[in-house]
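# Secondary and tertiary structure notes
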Amino acid sequence: AVVSTQSTGQQSEVSAHALSSTPTLAILDVGDNMRAKIYAMLYRIGFDKLPPLPAKDQITLTLIENYLDFKVGEVWEEIVAELVVDNITPIRSDRDALQEVQQIIAAKSEAVKRHQLEILEGEQSAEEEEEQACYQQIRSNFKQWEQQNASRINFISKTSDYETLQMFKQRQSTLAEKSRQDPPSSAGTVEHNTLLRMLTTTVHSGRHINIPLSETPPPTGGNTSPHKILPAISPRSR
């Protein structure tokens, strides 16, 4: 993608238009192709509002975006060429102005060229990153396969070789011992007795309480129990 502000065959025919009032080739080129219309349409849409494009299309879009600047520079190049053909020497101020215009055109061309190279380098870097990601995925899959293969070999060794089985069993016991926590120290602690003193009952209390009244047996036909049965006191009755 090389940008050039000079069109081929234009300088060879500049002498034919130098002494004529007809438009120059740079002006005629505007109506002969669709470049001006494409530039006007994309300018109206907005170059920054376009969807993401491939690198090749981005390079073409860069040329279209700077179409007007290149066309103006092309017209100035024709003006300078016509002055040379007509053997006209500009005055110092005009000559300085023409030189400044040529420098601006050259700087613009170099800037567009650098931008195009940056696009190509960015695409190459993205392709390299994608390639490295693919290689990393392959390495990860291969490493996982190696781990599965090693696990399968270890399982076969433990089930087919008695010595290997004993070795793994000893290793498992050692790891189990290391994983156990040390018993807490009893220094500085107070142990509380869980038994209550003067405890006179060994069963759970029922819904009734038996209270002995006297040692005299009750009359016949009455309550044969030597205790009077009272309902248990509920918390609500207190």
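Note that the structure is predicted; figures quoted are calculated from it, not measured.

## Details of the pattern of salt bridges
- Throughout the structure, instances matching the rule amount to two salt bridges.
- The salt bridge partner of Asp69 is Lys108, with a shortest N-O separation of 3.6 Å. Taken together, the residues span a long stretch of sequence, with Asp69 in helix H5 (residues 67-85) and Lys108 in helix H6 (residues 92-160) at a distance of 39 residues.
- Taking the relative accessible area as the measure of exposure, Asp69 reaches 39% and is therefore partly exposed.
- Linking Lys71 and Glu74 is a salt bridge whose minimum nitrogen-to-oxygen distance equals 3.2 Å. Of this pair, Lys71 and Glu74 both sit in helix H5, separated by three residues, roughly a single helical turn.
- Overall, the relative accessible area of 10% leaves Lys71 in the buried class.

## Some points on a negative patch on the surface
- On the surface, Glu123, Glu127, Glu128, Glu129, Glu130 and Glu131 cluster together into a patch of negative charge.
- You can see Glu131 is positioned in helix H6.
- For Glu131, a relative accessible area of 38% gives the class partly exposed.

## Details of the environment of Ile119
- Tracing the chain through its elements places Ile119 in helix H6.
- Overall, the relative accessible area of 11% leaves Ile119 in the buried class.
- Sequence spacing of Ile119 and Ala55 is 64 residues, and the spatial spacing of their C-alpha atoms is 6.2 Å.
- Once residues lying within four places of it in the same chain are set aside, the contact partners of Ile119 are Ala55, Gln58, Ile59 and Thr62.

## Brief notes about the packing of helix H2 (residues 25-32) against H5
- Axis separation between H2 and H5 bottoms out at 9 Å; the angle between their running directions is 145 degrees. Side by side, H2 and H5 meet where Leu25, Ala26, Ile27, Asp29 and Val30 of the first sit next to Tyr67, Lys71, Glu74, Val75 and Glu78 of the second.

## What about the nonpolar core?
- With six residues, the main nonpolar core is built from Ala36, Tyr39, Leu42, Phe47, Leu61 and Tyr67.
- Of the residues forming this core, the biggest block, three residues, is contributed by helix H3 (residues 35-45).
- The contact partners of Tyr67, leaving out residues within four places of it in the chain, are Val30, Arg35, Ala36 and Tyr39.

## So, the packing of H3 against helix H4 (residues 55-65)
- The N-to-C vectors of H3 and H4 enclose an angle of 95 degrees; their axes lie 9 Å apart at closest approach. In terms of orientation, H3 lies roughly perpendicular with respect to H4. When H3 is examined against H4, the residues Ile38, Tyr39 and Leu42 are found in contact with a partner set consisting of Leu61, Ile64 and Glu65.
- Partitioned by chemical class, the residues of the contact of H3 with H4 number five nonpolar, no polar and one charged.

## What to know about unusual backbone geometry
- Non-glycine residue Asn87 carries a positive phi angle of around 60 degrees.
- Inspection of the secondary structure assignment puts Asn87 in the loop between H5 and H6.

## Let's talk about H5
- Given a rise of 1.5 Å per residue, 19 residues ought to cover 27 Å, and the 27 Å separating the end C-alpha atoms of H5 matches this to within 8%.
- Once H5 ends, the next one or two residues include Asn87, with phi positive near 60 degrees.

## Regarding the packing of aromatic side chains
- In total, this model carries four aromatic pairs according to the counting rule given.
- Arranged with centres 5.8 Å apart and planes meeting at 45 degrees, the rings of Tyr39 and Tyr67 form a pair that is tilted. On the criterion of sequence distance, the pair formed by Tyr39 in helix H3 and Tyr67 in helix H5 is long-range, its members being 28 residues apart. Accessibility assignment for this pair places Tyr39 and Tyr67 in one class, buried.
- Here the aromatic residues Tyr39, Tyr43, Phe47 and Tyr67 are joined through ring pairs into a cluster of three or more.

## Overview of the confidence of the model for the protein chain
- Of the residues in the protein chain, 68% have a pLDDT of 70 or more, and the chain-wide mean is 75.
- The spread of mean pLDDT over the elements of the protein chain runs between helix H1 (residues 14-18), the lowest at 47, and H6, the highest at 88.
- Low pLDDT, under 50, characterises residues 232-238; the predicted model gives this stretch three contacts beyond four residues in sequence or across chains.

About the cut-offs
Residues numbered from 1 in each chain as written. Predicted model: local features only at pLDDT ≥ 70, side-chain atom pairs only at ≥ 80, totals over all residues. Heavy atoms only, no water. Salt bridge = Lys/Arg side-chain N within 4 Å of Asp/Glu carboxyl O. Helix = DSSP H or I, 4+ residues; strand = E, 2+ residues; numbered from the N terminus. Buried < 20%, exposed > 50% of the residue type's maximum accessible area, 1.4 Å probe, protein only. Patch = residues over 30% accessible without salt bridge, like charges linked within 9 Å, V, L, I, M, F, W, Y side chains within 5 Å. Areas by Shrake-Rupley, 256 points an atom, 1.4 Å probe, with all protein chains shown as cover. Lys, Arg positive; Asp, Glu negative; His and termini not counted. Charge placed at Lys NZ, Arg CZ, Asp CG, Glu CD. Contact = heavy atoms within 4.5 Å. Axes fitted to C-alpha atoms, helices over the stretch in contact; angles between N-to-C directions. Core = buried A, V, L, I, M, F, W, Y, C linked by side-chain atoms within 4.5 Å. Parallel < 35°, antiparallel > 145°, perpendicular 65-115°, else oblique. Nonpolar A, V, L, I, M, F, W, Y, C, P; charged D, E, K, R; others polar. Expected span 1.5 Å × (residues − 1). Phe/Tyr/Trp six-rings, centres within 6.5 Å; stacked < 30°, edge-to-face > 60°. pLDDT = per-residue confidence, 0-100.

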